[in-house]
Amino acid sequence: MSNSDEEKKLLMLSKQSSQFFDPCLAESKRSMKCLKENGYDKEMCQDFFQEYRDCKKKWNKIRAEERSKHGLFSSWTSKEKTSTDQEK
């Protein structure tokens, strides 16, 4: 992971869930800039869109891995299992 990726990860993990942080903000801005510079012709900006999609996919995967590693939903899952088991 590059320093930039590491910095984004640290910023993302340090935010509370109610605070917003978009680790793909740079890719988003490049996409919007491309659209503006090309008269909003989406065909001209496909590479930028793909970079943004790839970034989002990467960070969503990292976020899911971090959540599962730290058990952020383990108590919810246990409660859900218990109530489902009791209904049977």
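This structure is a prediction, so every number in the text was calculated from the model and none was measured.

A. Looking closely at the state of the cysteines. Scanning the entire structure with this criterion turns up two disulfides. Disulfide pairing places C24 opposite C55 at an S-S distance of 2.0 Å. The sign of the -90 degrees torsion about the S-S bond sets the C24-C55 disulfide as left-handed. With C24 in the loop between α1 (3-14) and α2 (25-37) and C55 in helix α3 (residues 46-70), the pair connects residues that are 31 residues apart, well separated along the chain.

B. Layout of the pattern of salt bridges. Enumeration over the complete set of coordinates arrives at five salt bridges. In this structure, R30 engages E27 in a salt bridge whose closest nitrogen and oxygen atoms are separated by 3.8 Å. Residue R30 and its partner E27 are both found in helix α2; the two are separated by three residues, about one turn of the helix. Relative accessible area serves as the criterion here: at 36%, R30 is assigned to the partly exposed category. Among the residues examined, E27 registers a relative accessible area of 12% and is labelled buried. Through salt bridges that share partners, E27, R30 and E51 make up one connected network.

C. Local environment of the confidence of the model for the chain. Scored by pLDDT, the chain comes out at a mean of 77, with 61% of its residues at no less than 70. Every residue in residues 74-85 is under pLDDT 50, and counting partners more than four places away or in other chains gives zero contacts.

Reading the values: rules and limits
Residues numbered from 1 in each chain as written. Predicted model: local features only at pLDDT ≥ 70, side-chain atom pairs only at ≥ 80, totals over all residues. Heavy atoms only, no water. Disulfide = S-S within 2.5 Å. Helix = DSSP H or I, 4+ residues; strand = E, 2+ residues; numbered from the N terminus. Salt bridge = Lys/Arg side-chain N within 4 Å of Asp/Glu carboxyl O. Buried < 20%, exposed > 50% of the residue type's maximum accessible area, 1.4 Å probe, protein only. pLDDT = per-residue confidence, 0-100. Contact = heavy atoms within 4.5 Å.

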